[in-house]
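Residue-level structural notes
Here are the chains, one letter per residue:
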Amino acid sequence: MLIIGENIQVLSAPVKAAIAERDKKVIQEMAVKQVEAGAGIVDLNIGPQKKLGHEIMPWIVEAVQEVVDVPLSLDTTNLAAMEEGLKVCKQPGMLNSASADPERCDSVMRLAARYEARVIALTMGVDGIPTTADGRAGIAMETLMPAAEAAGMPIENLFLDPLVLAVNCNQDVAMESVESIRMFKMMADPPPMTVVGLSNISNGALPEVRPLINRVMMVMVMGAGLDSAIADPLDQVQNEWIR
């Protein structure tokens, strides 16, 4: 199971401050801890960063590459920032993310193909996230996979994300996500890769039960054929389940 370490994200106060001050020490320490705990990819979430993203993304990529030797996931909605980050990646990166919005989907897929990067492709259209597995599979089959093929991306570089929703609001959403993964793996031969944002399932739940909810969900999606998860590599109990 490929774990994409989620801890370097701009909503974290220390990360936000480190980015603002261009202080790489905090970010480097977080990257090292995640890789030592088993992360195979480190996600770098800088947020939209509409004005300075093209400067921030290459800065954070180079800072992390000084201390770890794993691929990096460039997590932003700023396409220019993505490209500037890819330019300084020492090995093919991952783009987080493309949706089924036609303009963004095509742009991200072409960028990924140019730099031989992987893409997390969200099964979300202009009208939002479908509530059913059939709806999400439809977006994957009708929009995301054709866009990747048209851009010249190999199928193994496409990571379909069903967009796990919080079980606290509606318990049916968990099974729809599980079924989505199962359907994605039957769409092509070889099949596309799959990924989930694991902690989304427990959003809004009491802090003491969130880890248990996450672990149960992990087992369910693994059983459906999941390849990777955006998760906290420092959750050692979770990692024992995965291994």
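In what follows, the accompanying structure is described. Small disclaimer: the values here were computed from a predicted structure and weren't measured.

1. Here we look at the overall build of the protein
Of the regular secondary structure elements, the protein holds 9 helices and 8 strands. Relative to a compact globule of 243 residues, whose C-alpha radius of gyration would be 18 Å, the protein shows 17 Å and is just as compact. Here the C-alpha coordinates of the protein stretch approximately 45 × 45 × 30 Å along the principal axes. Sequence separation of 24 or more characterises 69% of the internal contacts of the protein that already satisfy a separation of 6 or more. Counting every atom, the protein has about 11100 Å² of accessible surface; 54% of that belongs to carbon and sulfur. Averaged over its 19 positive side-chain charges, the protein has a centre that lies 6 Å from the centre of its 32 negative ones.

2. Some details on the nonpolar core
With 65 residues, the main nonpolar core has Ile 19, Leu 44, Ile 60, Leu 74, Leu 95, Met 109 and Leu 160 as its most contacted residues. Among the elements that line this core, the one with the most residues is helix α6 (residues 133-151), at 8 residues. Non-local contacts of Ile 60, meaning those with residues more than four positions away in its chain, are made with Ile 8, Ile 19, Ile 27, Leu 44 and Ile 46. Counting residues in each nonpolar core, the second largest holds 9 residues, with Ile 41, Met 94, Leu 122 and Leu 163 among its members.

3. What to know about the packing of aromatic side chains
This model, assessed by the stated rule, comprises 0 aromatic pairs. Over the face of the ring belonging to Trp 59 we find Arg 22, whose NZ or CZ atom lies 5.9 Å from the ring centre.

4. Focus on the environment of Thr 143
Residue placement: Thr 143 occurs in helix α6. Excluding anything up to four places from it in sequence, Thr 143 contacts Ala 100, Cys 105 and Gly 138.

5. So, unusual backbone geometry
Omega for the bond connecting Asn 96 with Ser 97 falls within 30 degrees of zero, at 25°, which places this linkage in the cis form. Position of Ser 97 relative to the elements: it lies in strand β4 (residues 94-98). Cis geometry marks the peptide bond from Asp 189 to Pro 190; its omega dihedral reads 5°. A positive phi is found at Gln 49, a non-glycine position, where the angle reads about 40°. Position of Gln 49 among the secondary structure elements: in the loop between β2 (41-45) and α3 (53-65). We classify Gln 49 as partly exposed; its relative accessible area is 22%. Phi is positive for Leu 163, which is not a glycine, with a value near 65°. As for its position among the elements, Leu 163 is in the loop between β6 (158-161) and α7 (172-184).

Rules used throughout
Residues numbered from 1 in each chain as written. Predicted model: local features only at pLDDT ≥ 70, side-chain atom pairs only at ≥ 80, totals over all residues. Heavy atoms only, no water. Helix = DSSP H or I, 4+ residues; strand = E, 2+ residues; numbered from the N terminus. Rg over C-alpha atoms; globule rule 2.2 N^0.38 Å. Contact = heavy atoms within 4.5 Å. Areas by Shrake-Rupley, 256 points an atom, 1.4 Å probe, with all protein chains shown as cover. Lys, Arg positive; Asp, Glu negative; His and termini not counted. Charge placed at Lys NZ, Arg CZ, Asp CG, Glu CD. Core = buried A, V, L, I, M, F, W, Y, C linked by side-chain atoms within 4.5 Å. Buried < 20%, exposed > 50% of the residue type's maximum accessible area, 1.4 Å probe, protein only. Phe/Tyr/Trp six-rings, centres within 6.5 Å; stacked < 30°, edge-to-face > 60°. Lys NZ or Arg CZ within 6 Å of the ring centre and 35° of its normal.

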